[in-house]
Amino acid sequence: MHISFTFKNFEPSEHLRKYARRRMEKLGRFFGKNPALDAQVNMAVDKFRQRVEVQLTGDGINIAASEVSEDMYASIDLVLDKLEAQVKKFVSRNKEIHRKGRANDIDVYTFEVTEEDGERTITGRDHFSPKPMSPDEAAMQLDANDFEFLTFLNSENDRINVIYRRKNGNLGLIDPIF
């Protein structure tokens, strides 16, 4: 995270700069190891009011907050509490969007063929979410439960796969690419 400071109507102490930088860097933990964020911190003193304004910009994010109090350290703490709440909301919203975007739920239909006309009719419907596992784990599950096939979420590529038992006894893997 790149942090730049601007000061108006006062000369800051080195302790104040370090304090603000340390508090700002804690916001980076919400964005992973190498957040591509820029933070512009503006601090100003007007008579008895000590104002802090922060603008966070980065990859798809633009968050701003400001706070005024009688102590600069208190203003920093208050504005960072506001920013942390906004960042948490932003991150959880993005996680929810990604979670909804993944189509990992599968509808399973049960068919019945009538003897009179040989036509298929749907007799039941079930809904399930496949478990994430590697193809090796899926093969072990297939052998252990003596199933003919197993649908699972491939943890290596985040796609739904089907592993099945072939007629010659070997296993086959269906990995659709959309």
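The structure under discussion appears in the preceding block.
Below is a summary of the structure that appears in this document. (Residues numbered from 1 in each chain as written. Predicted model: local features only at pLDDT ≥ 70, side-chain atom pairs only at ≥ 80, totals over all residues. Heavy atoms only, no water.)

1. Here's the deal with the environment of Arg17
Basically, it comes down to this: Each helix corresponds to a stretch of at least 4 residues labelled H or I by DSSP, and each strand to a stretch of at least 2 residues labelled E; elements are numbered beginning at the N terminus. A 1.4 Å probe rolled over the protein chains alone gives each residue an accessible area, and that area as a share of the maximum for its type sets the label: buried under 20%, exposed over 50%, partly exposed in between. Here, two residues are considered to be in contact whenever any of their heavy atoms come within 4.5 Å of each other.
Of note, Arg17 is situated in helix 1 (residues 14-25). Judged by its relative accessible area of 31%, Arg17 is partly exposed. In this view, Arg17 contacts Phe5, Phe7 and Pro12; residues no more than four positions away in its chain are not counted.

2. Comments concerning the sheet that holds strand 10 (residues 171-174)
Short version of the rule: Following DSSP output, two strands are said to pair if at least two bridges run between them.
Pairing in this open sheet of 4 strands is mixed, and the strands run 7-8-9-10 from one edge to the other. The open sheet has two free edges, formed respectively by strand 7 (132-133) and strand 10, since each of these has just one partner strand. Bridging between strand 8 (residues 149-154) and strand 9 (residues 159-165) involves 6 bridges; their strand directions are antiparallel. Counted as the bridge partner of Asn154 is Arg159 from strand 9.

3. Things to note about a nonpolar patch on the surface
What counts, and what does not: Exposure above 30% relative accessible area and the absence of a salt bridge qualify a residue for a patch, where like charges join within 9 Å and nonpolar side chains (Val, Leu, Ile, Met, Phe, Trp, Tyr) within 5 Å. All accessibility values rest on the Shrake-Rupley procedure with a 1.4 Å probe; residue burial counts only the protein chains present in the view. The term salt bridge refers to a side-chain nitrogen of Lys or Arg lying within 4 Å of a carboxyl oxygen of Asp or Glu.
A cluster of nonpolar residues, Tyr109, Phe111 and Ile122, forms a patch on the protein surface that exposes about 320 Å² of accessible area. On the accessibility criterion, Ile122 (52% relative accessible area) is exposed.

4. Considerations on unusual backbone geometry
The phi dihedral of Asn9 is positive, around 70 degrees, even though this residue is not glycine. Take Asn9: it is sitting in the loop between strand 1 (2-8) and helix 1. On the basis of relative accessibility, which here comes to 54%, the residue Asn9 falls in the exposed class. Residues other than glycine seldom take positive phi values, yet Lys47 does so here, at roughly 55 degrees. Here Lys47 lies in the loop between strand 2 (37-46) and strand 3 (49-58).

5. Looking at the sheet that holds strand 3
Pairing between the strands of a sheet comes from backbone hydrogen bonds, and it takes one of two forms, parallel or antiparallel. Our working definition: Interaxial angle, 0 to 180 degrees, is taken between N-to-C directions of lines fitted to C-alpha atoms, where a helix line uses only the stretch in contact.
The strand order across the open sheet built from 4 strands is 1-2-3-4, with neighbouring strands paired in mixed fashion. If you trace the sheet from one side to the other, it starts and ends with strand 1 and strand 4 (61-69), each paired once. Mean inter-strand twist for the sheet, computed between neighbouring axes without regard to direction, equals 10 degrees. Direction of pairing for strand 3 relative to strand 4: antiparallel, over a ladder of 9 bridges. Among the inter-strand pairings, Glu53 is bridged to a residue of strand 4, identified as Ser66.

6. Notes on the pattern of salt bridges
Under the counting rule described, the total for this entry stands at 9 salt bridges. Lys82 is paired through a salt bridge with Glu67; the nearest N and O atoms lie 2.9 Å apart. With Lys82 in helix 2 (residues 72-101) and Glu67 in strand 4, this pair connects stretches of sequence that are 15 residues apart. Here Asp175 makes a salt bridge to Arg159, at a shortest N to O gap of 2.9 Å.

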